[in-house]
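Tertiary structure, described
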Amino acid sequence: MKIKIPREIKIGLYPYSVEAISQLKLNEGCWGVSNHVRRKIKIDSGLPLLERNQTLIHELIHVISESFRCSLDEDNAERLANGMGEFLFDNLGIEFDWSDIPTKE
Ligand SMILES: [Zn+2]
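Note that the structure is a prediction, hence the values are computed from the model and not measured.

1. Things to note about helix H2 (residues 49-67)
For H2, built from 19 residues, the straight-helix expectation of 27 Å at 1.5 Å per residue is met to within 8% by its first-to-last C-alpha distance of 27 Å. For H2, the complete set of buried residues consists of Arg 52, Asn 53, Gln 54, Thr 55, Leu 56, Ile 57, His 58, Glu 59, Leu 60, Ile 61, His 62 and Val 63. Those residues of H2 that are buried lie in contact with strand S2 (8-11), strand S3 (14-21), strand S4 (32-35), strand S5 (40-44), helix H3 (74-91) and strand S6 (95-97).

2. A look at the packing of H2 against H3
Interhelical geometry of H2 versus H3 gives an angle of 125 degrees and a closest axis separation of 9 Å. Viewed along their axes, H2 and H3 adopt a mutual orientation that is oblique. You can see that H2 and H3 cross each other, and the crossing is right-handed. Of H3, the residues touching H2 (which contributes Asn 53, Gln 54, Ile 57, His 58, Ile 61, His 62 and Ser 65) are Ala 77, Glu 78, Leu 80, Ala 81, Met 84, Gly 85 and Phe 89.

3. Some thoughts on the nonpolar core
Ranked by size, the top nonpolar core spans twelve residues in total: Tyr 16, Val 18, Ile 41, Ile 43, Leu 56, Ile 57, Leu 60, Ile 61, Val 63, Ala 77, Ala 81 and Ile 101. A per-element tally of this core places H2 first, with five residues. Those residues in contact with Ile 41, other than ones at most four positions away along the chain, are Tyr 16, Val 18, Ser 34, Glu 59 and Val 63.

4. What about the pairing of S2?
In this sheet, S3 lies alongside S2 in antiparallel orientation, the contact comprising four bridges. Within S3, the residue paired with Ile 9 across the bridge is Tyr 16. As consecutive antiparallel partners, S2 and S3 are separated by two residues, and within that stretch Gly 12 has a phi angle of approximately 65 degrees, a positive value.

5. Focus on the pairing of S5
Of all five residues in S5, four are buried; the element is thus mostly enclosed. For S4 and S5, the ladder comprises four bridges, and the chain directions are antiparallel. Paired with Asn 35 across the bridge in S5 is Lys 40. Hairpin connection between S4 and S5: a loop of four residues separates the two successive antiparallel strands, and Arg 39 in this loop has a positive phi of roughly 55 degrees.

What counts, and where the lines are drawn
- Residues numbered from 1 in each chain as written.
- Predicted model: local features only at pLDDT ≥ 70, side-chain atom pairs only at ≥ 80, totals over all residues.
- Helix = DSSP H or I, 4+ residues; strand = E, 2+ residues; numbered from the N terminus.
- Expected span 1.5 Å × (residues − 1).
- Buried ≥ 20, exposed ≤ 12 C-beta atoms within 10 Å, placed from the backbone.
- Contact = placed C-beta atoms within 7 Å.
- Axes fitted to C-alpha atoms, helices over the stretch in contact; angles between N-to-C directions.
- Parallel < 35°, antiparallel > 145°, perpendicular 65-115°, else oblique.
- Left-handed = near helix turned anticlockwise from the far one by under 90°.
- Core = buried A, V, L, I, M, F, W, Y, C linked by C-beta atoms within 7 Å.
- Pairing = 2+ DSSP bridges.

This is the structure we're talking about:
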């Protein structure tokens, strides 16, 4: 089943915009970034699809942690993201469709 990634994802009180950024890894040193002040989730547009999907889950875990004050550290965010990824992608067979997310510089 394909699920279209929306341009905005509302977690807690606030909508976060989802953006695919070219050269994010080169410029910011990571495949994904969540900014809780600007309420943006940025994912490197150059990532292969599976890694891009997993990176979005990882950043969403950070947003959920921030929104609901879970205080997850990086290692636990990664563990939860891996578990969610296995459930969504490996068990349910969900695929993410990024066609609504424009690539920005
Ligand atoms: Zn992280």
